[in-house]
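Given next are the chains, with one letter for each unit.
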Amino acid sequence: MPGAVAATMVPMTTTVKATATEVVAFDQVSKSYGDVRAVDGLSLKLHPGETVALLGPNGAGKSTTLDLLLGLKHADSGSVRVFGTSPREAIVAGHVGAMLQSGGLMDEVTVGELVRLACALHPKPYKANDVLARAGIAQIADRKVNKLSGGQAQRVRFALATAGDSDLIVLDEPTTGMDVSARQAFWATMREQADQGRTVLFATHYLEEADAIADRVLVLHRGRLLADGTAAEIKAKAGARRVSFDLEGPVDETALRALPFLTSIKVSQSGAAEDGGRTVRIQSTDADATVHAVYGLGVYPRNLEVAGLGLEQAFVAITTAEEAKQS
């Protein structure tokens, strides 16, 4: 793809100057829209050099949390501090760069004109040509913004977020519309920023990105923080493991669904249709006991595999358990 991010990566070499030990601090923050509590007593802290993924189902409060952090909305209660001051003051000082999913780009201007404007407005600007190159859009600098593809528009938003020497970069669904190679190069660039001491906070629906990229994962649900830790810690918090195996011949699905410690089970046809074979995929909170019970049914499981949950399965398990508690 022309202008792929990887082709012209330009490093940011400016020394990060913000010295606050807490980049972001939410203290019992709540925000409601009528009867809907979008953020509910949220407390969290971000630190320099972290790459943090913000996860949650639709309606979890991710976008409202980012809006509060960026001063686009104000909390009903609690406090939000960015580099020890208000979000607005931190942004005016140039400490924060943001790439938001909502809001359009200016039409009838070229990519180059828009990036040069962003650089001119930033308190600590980079050279516009370097910003264009780093975002992989130098080759489309003369193109009108309203003529861009979805992936190109995302890279323009990235350029605007990194037009100057910001210490915190906030990204809302940043790789939507990008192809695989552009996504990989984008995250290589973000990893470089964190290695230089900048903090990167991103909300995403691509859970494989969070698993591969984030030092830390925050899971929101109905405006509350359900989990906070590394991807490995989040997986462990789910408290379940995956068990899969094949069974030959007729299968008593009722007996399988009665196995102990199951949190979920999927039974699907396998092999030749006439032999009645099945592939069984299970999530269990005690995989050893579940497997022992399988043998107790008098069947012989083939291709038996036991593994930890992936981040996506853990995310679903955690949020489903929370829904069950609140229902």
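On a predicted model such as this, the values are computed, not experimentally measured, just so you know.

Caption draft 1: Looking closely at empty space enclosed by the protein. Following the criterion strictly, the structure yields 1 cavity of 30 Å³ or more and no others. There is about 40 Å³ of room inside the largest cavity. Along the walls of the largest cavity sit Val24, Phe26, Leu44, Leu46, Leu54, Thr65, Leu69, Leu201 and Leu218, which together make up its complete lining. Elements represented by at least two residues in the lining of the largest cavity include exactly β1 (24–33), β2 (36–46) and α1 (62–69). Of the residues that constitute the lining of the largest cavity, the class distribution is 8 nonpolar, 1 polar and no charged.

Caption draft 2: Highlighting the layout of surface pockets. A volume near 710 Å³ is recorded for the largest pocket. Around the largest pocket, the lining comprises 25 residues; the ones closest to its centre are Gly97, Ala98, Ala118, Leu160 and Ala161. Contributing elements (two or more residues each) for the lining of the largest pocket: β5 (96–99), α3 (111–121) and α5 (150–161). Of the residues that constitute the lining of the largest pocket, the class distribution is 17 nonpolar, 7 polar and 1 charged. There is about 240 Å³ of room inside the second largest pocket. Lining the second largest pocket, in full, are Lys237, Ala238, Thr263, Ser264, Gln283, Thr285, Gln313, Val316, Ala317, Ile318, Thr320 and Ala321. When contributions to the lining of the second largest pocket are tallied by element, the ones reaching two or more residues are β11 (262–269) and α11 (311–326). For the lining of the second largest pocket, the element with the highest residue contribution is α11, accounting for 6 residues. Looking at the lining of the second largest pocket residue by residue, the class counts come to 5 nonpolar, 6 polar and 1 charged.

Caption draft 3: Representation of the confidence of the model for the protein. Averaged over all residues, the pLDDT of the protein equals 86, while 91% of them reach at least 70. No element of the protein has a lower mean pLDDT than α11, at 76, and none a higher one than strand β4 (residues 77–82), at 97.

Caption draft 4: The packing of α3 against α5, seen in detail. Interhelical geometry of α3 versus α5 gives an angle of 20° and a closest axis separation of 9 Å. Put simply, α3 runs roughly parallel to α5. Relative to α5, the crossing made by α3 is right-handed. On α5, the residues touching Val111, Leu114, Val115 and Ala118 of α3 are Val156, Ala159 and Leu160. By residue class, the composition of the contact of α3 with α5 is 7 nonpolar, no polar and no charged.

Caption draft 5: Representation of unusual backbone geometry within the structure. The backbone phi angle of arginine 222 is positive, close to 50°, even though this residue is not glycine. Its location among the elements puts arginine 222 in the loop between β8 (216–221) and β9 (224–229). We note that asparagine 303 has phi near 55°; this positive angle belongs to a residue other than glycine. Residue asparagine 303 is classed as exposed on the basis of its relative accessible area, which comes to 57%.

Caption draft 6: Focus on the nonpolar core. Among the nonpolar cores identified, the biggest contains 53 residues, and Val115, Ile137 and Leu171 are the most heavily contacted of them. Val24, Val39, Leu54 and Val96 belong to the second largest nonpolar core, which has 26 residues in total.

Caption draft 7: Seen up close, the environment of glycine 61. Mapped onto the fold, glycine 61 is located in the loop between β3 (51–55) and α1. Overall, the relative accessible area of 8% leaves glycine 61 in the buried class. In this structure the C-alpha to C-alpha distance between glycine 61 and alanine 153, which are 92 residues apart in sequence, comes to 25 Å. Excluding residues within four positions of it along the chain, glycine 61 makes contact with Ala38, Val39 and Leu220.

Caption draft 8: Structural context of the sheet that holds β1. Strands sit in the order β2-β1-β4 across an open sheet of 3 strands; the sheet is antiparallel. Pairing within the sheet leaves two strands with one partner each, and these edge strands are β2 and β4. When strand polarity is set aside, the average angle formed by the axes of neighbouring strands in this sheet is 25°. Bridging between β1 and β2 involves 7 bridges; their strand directions are antiparallel. Within β2, the residue paired with tyrosine 33 across the bridge is valine 36. Each of β1, β2 and β4 touches α1; the most contacted strand, β1, lies at about 120° to it.

Cut-offs applied
Residues numbered from 1 in each chain as written. Predicted model: local features only at pLDDT ≥ 70, side-chain atom pairs only at ≥ 80, totals over all residues. Heavy atoms only, no water. 1 Å grid on protein atoms, 1.4 Å probe; cavity = no way out; pocket = protein on both sides within 12 Å on 5 of 7 lines; lining within 4 Å. Points joined across faces, edges and corners; volume = space filled by probe spheres on them. Helix = DSSP H or I, 4+ residues; strand = E, 2+ residues; numbered from the N terminus. Nonpolar A, V, L, I, M, F, W, Y, C, P; charged D, E, K, R; others polar. pLDDT = per-residue confidence, 0-100. Axes fitted to C-alpha atoms, helices over the stretch in contact; angles between N-to-C directions. Parallel < 35°, antiparallel > 145°, perpendicular 65-115°, else oblique. Left-handed = near helix turned anticlockwise from the far one by under 90°. Contact = heavy atoms within 4.5 Å. Buried < 20%, exposed > 50% of the residue type's maximum accessible area, 1.4 Å probe, protein only. Core = buried A, V, L, I, M, F, W, Y, C linked by side-chain atoms within 4.5 Å. Pairing = 2+ DSSP bridges.

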